[in-house]
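Now for the letters of each chain:
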Amino acid sequence: MTQTIAPRVRTLVLLILAVAGALLAGAAPVSAHAALTGSDPAQGAVVDTAPSQVSLTFSEPIAVGDDSVRVLDPKGERVDKGDPANPSGTTYSVRLVSGLPDGTYTVAYQVVSADSHPVAGAFTFSIGAPSETTVSVSAQGSDDGLVGWLYGFGRYVSYAGFVVLAGGAAFILACWAPGARVRAVQRLVVSGWLALTSATLGLLMLRGSYTTSGKVGDVFDLELLGDVLQTKTGAALVSRLLLLAAAALFIAVLFGAYARTADAVEPDRDAEDDGGGDDGGDDGGPDKRDLTFGLALGGTVVAAGLAASWAMSEHASQGLQAGVAMPVDVVHLLAVAAWLGGLTALLVALYRAPVETPVGRDAVRRFSRLAFGSVVTLAVTGVYQSWRQLGSWSAFTDTRYGQLLLVKIALVAVMVAVAFLSRRWTQRLADARVSEAAEEAERTEAAEEAERTEAAERAEEAVRAEEAVRVKATERAEEEKRPAGTAPAEASGTSEVSEASMAVEPPKASGASGASGAFDAEKAEAGQDSVRAAQLARQRAAAEAARQKRLRDADPNRFGLRRSVLAEAGVAVVLLAVTTVLTQTEPGRTEQDARAATAASSSASATGQGSGAVSLTMPFDTGGKSGKGVVSIDLDPAQAGDNALHVYVEGPDGTPVDVPEVKIALTLAAQNIGPLPVAPDHVTTGHWSASRVQIPMAGDWKVEVTVRTSDIDQVTVSKNAQIG
């Protein structure tokens, strides 16, 4: 039956992988985790005079290079000068050449967000009046195309390799120690290590092209590779490779010294008795317990380090509460590996474990407890991560990140339901084993009794045969002697007696030789019998092993357990694909911030806000209840001397809202002036103003706005404005 099932299993696994690949290939282009939340001039704005610089504000810090921000005139010629600067916070600016003529200008940017994802986009603004432009900025970013697809596939393989490596090792140490010497399980763990190592090397090579040009030819550019090694993501990938070297040593000890100590443990007692045995315990003495503890401790440290290589360079490293989010992300990844990786190891063991080392109910029960703890951990850490990345209930349905998260939650629910069925099959297997063990004990006892009886009969027959040979040999010797004893002695005289005596001697010797030869023949026959008995014993053992394997494969409870675990593994493959896409998708909180900033900019244009010489728009998030929104600043005429300042605060939906406090501070860092505080007066809902705001001199001023939404929740956002 195994030979019939195995091809079906391989076919089903290949189909599952194909579905997962289609999910990855069919996903929408990867969304970056940093979003453009504002610009000065604003997108589509028409300004009266040429600005001296263009400023871009993002939702999180970004990495910029020489050509990260380009400004092109209507003819497609660059009009920016110098490298992009970071005057404050998440605002980045590039200076423009003076004397720009009227027309429509295009701003194109290509940067890398702090969580390692490329961000590309473009918008236009006009001086004087809009005009035709010859500039055509491609909508395809560096993370699209072949390089982007390969990078996404490499991320999926790296996640899968980590899950199989860490989860498979955890399954052996925590659930099924004899698995350390099962070849199929060894190949599984080693393949996880190879997949993670090769994927990490591939990501390191692809990284430079992925974040810049997106060209395949740049994959082998050593200069780009050197630049990658100087980044946070490059350092994380190199650290992962070093940890994988330590993981290789761990694997060598696990499948070497630990596997040899596992040989002394009963493989699976529940296959022989009612289950009191421990098929994976520390019964090998103090040395085995010390080795197990050392492997568990060292493996946990290495696995946590590998998980940290993701947490410290991606989502968790940026945004709210990064110091809490990174360790939570590490725990989340370890729980995923323990659950999904252990499930994969259990599936391989159920189908590929040899008959002398079967996976018993004790191992399945241990894994069931491990999986339950992992699911609880995933629930707790997942709730925190969801709050951190979404920020509101509406983001579940209004953002792509929230929609993918709902799909992930549904898949987890399906896996938990299938796991419940697996627990039921395990219990049925345990109940059936109790009665089977009693029957097997009776059969074994009867077989042993029959063997003892047969051995006794054979020994008795051998004794009787040996005695018969000896009696026969004695009789033949006496028959040979009898004629010499009866011949007439008086007729022959002394010489005849001598001749008779001489004639008697040869038959006597012949009789002794015959007896010895018969005895030797009997011994040879007995030796052949022992050889045949040994061969028969081996044949019986092989037949019994084959019978046990057929019975194990035909057991409906074990068959049901196999099918349910296989179904879990199939859902897990799709779940891992969704998780990979999720990690490459813009968080819902960031997406909503960008939408709010765009809505506020449109609202300001429609209501006349922004009619002053300088208009600044900044999203904010205090982290508390109703703590998200957008603040807009109008400064008119934005010259040295008296100025009128207006502050507008709006919620995420663009409606004006009131907050307990709004404070303004102006700083000219180049001249060490400020901060100059401004306390605007509340005018109406969502509107504050201040007149006769004194700005002593022209320059690049930093405008800081502090928004307080409750007694304890406040945040300060800033943006630079050119005065004079």
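The structure contained in this document is the topic of the report that follows. (Residues numbered from 1 in each chain as written. Predicted model: local features only at pLDDT ≥ 70, side-chain atom pairs only at ≥ 80, totals over all residues. Heavy atoms only, no water.)

### Points about the overall build of the chain
Just so we agree on the cut-off: Numbering goes from the N terminus for both helices and strands, where a helix is a DSSP run of H or I of at least four residues and a strand is a run of E of at least two. The buried label applies to any residue whose accessible area, calculated with a 1.4 Å probe on protein chains only, is under 20% of its type's maximum; exposed applies above 50%, and partly exposed to all values in between. Here, two residues are considered to be in contact whenever any of their heavy atoms come within 4.5 Å of each other. Residue burial considers only the protein chains on display, and all accessible areas are found by Shrake-Rupley using a 1.4 Å probe.
Looking only at helices and strands, the chain has 14 helices and 18 strands in total. Taking all 724 residues of the chain together, 45% fall into the buried category. Taking the contacts inside the chain whose residues are at least 6 apart along the sequence as the reference set, 72% of them involve residues at least 24 apart. A total accessible area of about 34800 Å² is found for the chain, and carbon and sulfur atoms account for 58% of it.

### Some details on the side chain of Arg155
Along the chain, Arg155 falls in helix α2 (residues 145-174). Classification of Arg155 as buried rests on a relative accessible area of 4%. Apart from residues no more than four positions distant in its own chain, Arg155 is found in contact with His117, Leu203, Glu314, Thr580, Thr583 and Gln584.

### A short note on the pairing of strand β8 (residues 103-113)
So the rule is basically this: Strand pairing requires that DSSP identify at least two bridges connecting the strands.
Burial runs high along β8: ten of the eleven residues are buried. Here strand β4 (residues 62-63) runs beside β8; their pairing, made up of two bridges, is antiparallel. Along β8, the bridge assignment pairs Ile62 with Ser113. Examined bridge by bridge, strand β5 (residues 69-72) and β8 share four bridges and lie antiparallel to one another. By the bridge assignment for β8, Val71 is matched with Val107. Sheet topology places β8 next to strand β9 (residues 118-127); ten bridges connect them, and they run antiparallel.

### Description of the packing of aromatic side chains
Inclusion rule: What counts as a ring pair is set by centres within 6.5 Å for rings of Phe, Tyr and Trp (its six-membered ring), and what kind of pair is set by the plane angle: stacked under 30 degrees, edge-to-face over 60, tilted for all other angles.
Applying the stated criterion to the full structure yields eleven aromatic pairs. Both rings, one in Phe58 and one in Tyr109, keep their centres 5.6 Å apart while their planes meet at 75°; by these two values the pair is edge-to-face. A residue pair is termed long-range when its members are at least 10 positions apart, and Phe58 in strand β3 (residues 53-58) and Tyr109 in strand β8 qualify at 51 residues. Residue Phe58 is classed as buried on the basis of its relative accessible area, which comes to 3%. Ring pairing ties together the aromatic residues Phe58, Tyr92 and Tyr109, which thus form one cluster.

### Some thoughts on the packing of helix α3 (residues 183-211) against helix α8 (residues 322-352)
To describe two helices that pack against each other, one gives the angle between their axes and the distance between the axes. The test is simple: Here, axes are lines fitted to C-alpha atoms. For helices the fit covers the stretch in contact, and angles between N-to-C directions go from 0 to 180 degrees. Our angle categories are set so that under 35 degrees counts as roughly parallel, over 145 as roughly antiparallel, 65 to 115 as roughly perpendicular, and the remainder as oblique. Note on convention: near helix rotated counterclockwise from far helix by under a right angle means a left-handed crossing. Clockwise means right-handed. In this classification, the charged set is Asp, Glu, Lys and Arg, the nonpolar set is Ala, Val, Leu, Ile, Met, Phe, Trp, Tyr, Cys and Pro, and all remaining amino acids, among them Gly, are polar.
Running from N to C, α3 and α8 point in directions that differ by 150°, and their axes come no closer than 9 Å. In this view, α3 runs roughly antiparallel relative to α8, as classed from their interaxial angle. As α3 runs across α8, the sense of the crossing is right-handed. From α3, Ala184, Val185 and Leu188 reach across to α8, where they touch Thr344, Ala345, Val348, Ala349 and Arg352. Across the contact of α3 with α8, the residue classes tally to six nonpolar, one polar and one charged.

### Quick notes on the nonpolar core
Here is the rule we go by: Nine residue types can take part in a nonpolar core, namely buried Ala, Val, Leu, Ile, Met, Phe, Trp, Tyr and Cys, and a core is a set of them joined through side-chain atoms within 4.5 Å.
In this structure, Phe162, Trp176, Leu254 and Val359 are the most contacted members of the largest nonpolar core, which totals 71 residues. A per-element tally of this core places α8 first, with 15 residues. Listed in part, the 28 residues of the second largest apolar core include Ile633, Leu645, Val662 and Ile695.

### Concerning helix α9 (residues 361-390)
Stated precisely, the cut-off is as follows: To estimate the expected span of a helix, subtract one from its residue number and multiply by 1.5 Å.
Between its first and last C-alpha, α9 extends 41 Å over 30 residues, near the 44 Å set by a 1.5 Å rise per residue. After α9 finishes, the residue Gly391 shows a positive phi value of roughly 85°.

### Here's the deal with the sheet that holds strand β14 (residues 673-678)
To summarise the sheet geometry, strands pair through backbone hydrogen bonds and adopt either a parallel or an antiparallel arrangement. The four strands lie next to each other as β14-β13-β17-β18, forming an open sheet whose pairing is antiparallel. The open sheet is flanked by β14 and β18 (714-723), the only strands paired with a single partner. Strand-to-strand twist across the sheet, computed as the mean angle between neighbouring axes with direction ignored, equals 20°. For strand β17 (residues 699-708) and β18, the ladder comprises ten bridges, and the chain directions are antiparallel. Residue pairing for β18: Thr706 is matched across the bridge by Thr716.

### Points about the pattern of salt bridges
Spelled out, the test is: The rule for a salt bridge is simple: a side-chain nitrogen of Lys or Arg has to be within 4 Å of a carboxyl oxygen of Asp or Glu.
Within the structure shown, the criterion is met by four salt bridges. The shortest N-O distance in the salt bridge between Glu661 and Arg708 comes to 3.0 Å. In this pair, Glu661 sits in strand β13 (residues 661-668) while Arg708 sits in strand β17, placing the two residues 47 residues apart along the sequence. Close ionic contact of Lys702 with Glu704 constitutes a salt bridge, the shortest N to O distance being 3.5 Å. Note on Lys702: relative accessible area 26%, which makes it partly exposed. The class for Glu704 is partly exposed, based on a relative accessible area of 23%.

### Quick word on the sheet that holds strand β10 (residues 614-621)
If you trace the five strands from one edge of the open sheet to the other, you get β10-β11-β12-β16-β15, paired in antiparallel fashion. In this open sheet, the two strands that pair with only one neighbour each are β10 and β15 (681-684). Within the sheet, the average angular offset between the axes of one strand and its neighbour, ignoring direction, is 25°. Examined bridge by bridge, strand β11 (residues 628-636) and strand β12 (residues 641-650) share seven bridges and lie antiparallel to one another. Bridging from a neighbouring strand, Val631 pairs with Val649 of β12.

### Concerning unusual backbone geometry
Each neighbour pair has its own omega, and for Asp40 with Pro41 the value is 0°, a cis peptide bond. Following the sequence through the fold, Pro41 ends up in the loop between β1 (36-40) and β2 (46-47).

### Section: the side chain of Arg366
We count it as follows: Counting of polar contacts relies on pairs of N or O atoms within 3.5 Å, with two restrictions inside protein: one atom must be capable of donating a hydrogen and the other of accepting it, and residues adjacent in sequence are counted only when both atoms are side-chain atoms.
Tracing the backbone shows Arg366 in helix α9. The class of Arg366 is buried, set by a relative accessible area of 16%. At 3.0 Å, the side chain of Arg366 and the backbone oxygen of Cys175 are in polar contact.

### Quick look at a nonpolar patch on the surface
Note the following rule: Patch definition: residues with relative accessible area over 30% and no salt bridge; like charges joined within 9 Å; nonpolar side chains (Val, Leu, Ile, Met, Phe, Trp, Tyr) joined within 5 Å.
A grouping of Leu146, Trp149, Leu150, Phe153 and Val216 is seen on the molecular surface, where their side chains present a nonpolar patch of about 460 Å² in accessible area. Position of Leu146 relative to the elements: it lies in helix α2.

### Some points on the environment of Ala85
In this fold, Ala85 is placed in strand β6 (residues 80-88). Looking at Ala85, the relative accessible area reads 37%, which means it is partly exposed. When the C-alpha positions of Ala85 and Gly65 are compared, they lie 9.8 Å apart, and in sequence the two are 20 residues distant. Apart from the residues lying within four places of it in its own chain, the contact partners of Ala85 are Thr91, Tyr92 and Ser93.

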